[in-house]
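Commentary on secondary and tertiary structure
Below are the chains, spelled out letter by letter.
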2 protein chains.
Amino acid sequence: MDMERVNSMGFGEFVDVFGNIIEKCPLVAAAVWSQRPFSDSEDLENHFFAFIDALPRSGQEGILRCHPDLAGRDLHQGTLTAESQREQSQAGLTSLDADDQLRLQKLNALYRERFGFPFVLAARLSDRDTVLRELARRLHCQPELELHTALGEVKKIGHLRLADLLGADPARVEPPGGWRSECQKDAPLGGLGAVHPSLEAGSGLGEQSTHPHKGSGELKHSHD
Amino acid sequence: MDMERVNSMGFGEFVDVFGNIIEKCPLVAAAVWSQRPFSDSEDLENHFFAFIDALPRSGQEGILRCHPDLAGRDLHQGTLTAESQREQSQAGLTSLDADDQLRLQKLNALYRERFGFPFVLAARLSDRDTVLRELARRLHCQPELELHTALGEVKKIGHLRLADLLGADPARVEPPGGWRSECQKDAPLGGLGAVHPSLEAGSGLGEQSTHPHKGSGELKHSHD
């Protein structure tokens, strides 16, 4: 799909096509339509991201809250969006064994309780081991930084979904300045602060997840 | 449902319950959850409206663009939200005769072309004659004022939907300061400016719709 085609769309068609670039937030696409014409896919993408960046904090948290848990209720009830179903499937999250499923459920719940939004990660750039490791690690980030990291993941997801629709090269998944986790940038390994009280108190999680920052140097999208 | 119950909800349940207070914009409910606890239904409602008011213009237009046409494609394809289906049905829009259907389609198209968002009206407070008359009248409002009027209708719809969910008294459909059409406030009858060129050029619309400001003094929710 070329930009001439995109720029010719009325708002109804535009929202039909791009309404789930940001998961379950057609409002964002519907707002971005005001900014047409778009010079190219990057310009279009930048308008999506600028809208998110301009929201008040509650709105940014709201965007995250519109995302499903990874391997969570929506997956098991078959109520994921088509995009999310495909992404979680590609990351192997639709075929977890019972132990991994239980660990993910518990970590998701701890994450939601700590931050007030669900754990969001671009599943297509990940696999089941990385998902579990990243979730356990990010659980220890400071809330301000974690919000930033999570919105970066929303943008990676949006970039890949846009690339699918536009037939563009999805290789550029990191913009100038980087979307790398702020928690990774600022906190050296082993310097991530106190372990979350829920974990200290004995959550039934295994060794790896009670020291989630271990191994974060191996993360796929942690590149300098 | 009392406020203690509402305030006890996690964000997942809150978005499940209140996600369509603003049509197809669960982002708004998901953002409002950040503001809990809520003292009463009016406090909850005010947070929804404050979020809308704080959006940039593109975001406010975006909210409008997430609304379906009245008696439009979604109604005929059976893809309306449950709330919208009920509201349009109550206004008699699901049983229009062929002539009214055609008039509404044409006026909706002119409205979308002029303002860049669909005609939004709290259908439950209306009926088929009022819908057609209001649409024809508002087509002549100035864009800035019409945006304000349309957002006022979004708030009326949201108020009624909240009242349904909370079992509150829906009688208060107009807040202090009023949601009355700015176009009605500022423009005396007969002083609504030039007729829209598309109408002048012969759109195939009948007499009433080419002079849409006629009769606006009789509108149900035009009270001083």
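Residues numbered from 1 in each chain as written. Chains lettered and ligands numbered in written order. Predicted model: local features only at pLDDT ≥ 70, side-chain atom pairs only at ≥ 80, totals over all residues. Heavy atoms only, no water.

**What to know about the overall build of chain A**
Regarding its fold elements, chain A presents 13 helices and zero strands. Helices and strands in chain A line up, N terminus first, as α-α-α-α-α-α-α-α-α-α-α-α-α. The buried share among the 224 residues of chain A stands at 54%. In chain A, once contacts between residues fewer than 6 apart in sequence are set aside, the share between residues at least 24 apart is 70%. (Helix = DSSP H or I, 4+ residues; strand = E, 2+ residues; numbered from the N terminus. Buried < 20%, exposed > 50% of the residue type's maximum accessible area, 1.4 Å probe, protein only. Contact = heavy atoms within 4.5 Å.)

**What to know about the layout of surface pockets**
Reported here for the largest pocket is a volume of approximately 840 Å³. If you go around the largest pocket, you meet 35 residues; those closest to its centre are Lys24, Arg65, Cys66, Arg73 and Asp74 of chain A. Put simply, the parts of the chain that give the lining of the largest pocket at least two residues each are helix 2 (11–18), helix 6 (73–77) and helix 8 (98–115) of chain A together with helix 2 (11–18) of chain B. Examining the composition of the lining of the largest pocket, we find that five residues originate from one element, helix 8 of chain A, more than from any other. Of the residues contributing to the lining of the largest pocket, the split by class is 10 nonpolar, 14 polar and 11 charged. Looking at the second largest pocket, its volume works out to about 460 Å³. If you list the elements that add at least two residues to the lining of the second largest pocket, you get helix 2 of chain A together with helix 6 (73–77) and helix 8 (98–115) of chain B. Ranked by the residues each element gives to the lining of the second largest pocket, the list is headed by helix 2 of chain A, at five residues. Class assignment for the residues of the lining of the second largest pocket results in six nonpolar, four polar and nine charged. (1 Å grid on protein atoms, 1.4 Å probe; cavity = no way out; pocket = protein on both sides within 12 Å on 5 of 7 lines; lining within 4 Å. Points joined across faces, edges and corners; volume = space filled by probe spheres on them. Nonpolar A, V, L, I, M, F, W, Y, C, P; charged D, E, K, R; others polar.)

**Points about the relation of the copies chain B and chain A**
Each copy of the sequence occupies a distinct position, and chain B is placed on chain A by a rotation of 180 degrees and an axial shift of 0.0 Å, giving an RMSD of 0.0 Å. Here the two chains are linked by the operation of a two-fold rotation axis. Across chain B, the rotation axis passes nearest the C-alpha of Cys25 of chain B, at a separation of 3.2 Å. Mapped onto chain A, 100% of the interface residues of chain B again fall at the interface, so both copies present the same surface. (Least-squares fit on C-alpha atoms with pLDDT ≥ 70 in both.)

**Observations concerning the packing of helix 8 of chain B against helix 9 (residues 128–138) of chain B**
Residue and element names in this part refer to chain B. Where helix 8 contacts helix 9, the axes come no closer than 10 Å and their chain directions differ by 30 degrees. The angle between helix 8 and helix 9 places the two elements in the roughly parallel class. For the pair helix 8 and helix 9, the crossing hand works out as left-handed. Residues Asp100, Arg103, Leu104, Leu107, Asn108, Tyr111 and Phe115 of helix 8 touch helix 9, and the partners they reach there are Arg128, Val131, Leu132, Leu135, Ala136 and Arg138. Its residues assigned to classes, the contact of helix 8 with helix 9 shows eight nonpolar, one polar and four charged. (Axes fitted to C-alpha atoms, helices over the stretch in contact; angles between N-to-C directions. Parallel < 35°, antiparallel > 145°, perpendicular 65-115°, else oblique. Left-handed = near helix turned anticlockwise from the far one by under 90°.)

**Re helix 9 (residues 128–138) of chain A**
Residue and element names in this part refer to chain A. The buried fraction of helix 9 amounts to nine of the 11 residues, a majority that puts the element mostly inside the structure. Here helix 9 has its buried residues at Thr130, Val131, Leu132, Arg133, Glu134, Leu135, Ala136, Arg137 and Arg138. By the N-cap criterion, in which a side-chain oxygen at the helix start approaches the backbone nitrogen of a residue two or three places on, helix 9 is capped by Asp127, the distance to Asp129 being 3.1 Å. (Polar contact = N/O pair within 3.5 Å; in protein donor to acceptor, adjacent residues only side chain to side chain.)

**Focus: the UniProt feature "domain: Oxo-4-hydroxy-4-carboxy-5-ureidoimidazoline decarboxylase" (unreviewed entry) in chain A**
Residues given the UniProt feature "domain: Oxo-4-hydroxy-4-carboxy-5-ureidoimidazoline decarboxylase" (unreviewed entry) here are residues 7–163 of chain A. Helix and strand shares over residues 7–163 of chain A are 66% and 0% respectively, and the end C-alpha atoms of the span are 16 Å apart. (UniProt positions renumbered as here; feature names shortened; annotations may be inferred.)

**Re the environment of Thr149 of chain B**
Residue placement: Thr149 of chain B occurs in helix 10 (residues 143–166). In sequence terms Thr149 of chain B and Arg138 of chain B are 11 residues apart; their C-alpha atoms lie 8.8 Å from each other.

**Looking at the nonpolar core**
Ranked by size, the top nonpolar core spans 110 residues in total, and within it Phe18 and Leu44 of chain A together with Phe18, Leu44 and Phe48 of chain B carry the most contacts. Those residues within four positions of Leu44 of chain A in sequence are excluded, and the remaining contacts are Met3, Val6, Phe14, Phe18, Val32, Phe38, Leu162 and Leu166 of chain A. (Core = buried A, V, L, I, M, F, W, Y, C linked by side-chain atoms within 4.5 Å.)

**Let's talk about the pattern of salt bridges**
In total, this model carries 28 salt bridges over all chains according to the counting rule given. Arg73 of chain A is paired through a salt bridge with Asp16 of chain B; the nearest N and O atoms lie 3.1 Å apart. Placement of Arg73 of chain A in helix 6 and of Asp16 of chain B in helix 2 is noted, with the two residues assigned to different chains. For Arg73 of chain A, a relative accessible area of 45% translates into the label partly exposed. The network of salt bridges with common partners includes Arg57, Glu61, Arg65 and Glu144 of chain A. (Salt bridge = Lys/Arg side-chain N within 4 Å of Asp/Glu carboxyl O.)

**Considerations on the packing of aromatic side chains**
Residues and elements named next belong to chain A. Per the counting criterion, the structure on display carries 14 aromatic pairs over all chains. Here the aromatic rings of Phe14 and Phe38 are separated by 5.9 Å at their centres, their planes lie at 20 degrees, and the arrangement is stacked. Of the two residues, Phe14 is situated in helix 2 and Phe38 in the loop between helix 3 (26–32) and helix 4 (41–54); the sequence distance between them amounts to 24 residues. Of the two residues examined, Phe14 and Phe38, each falls in the buried class. (Phe/Tyr/Trp six-rings, centres within 6.5 Å; stacked < 30°, edge-to-face > 60°.)

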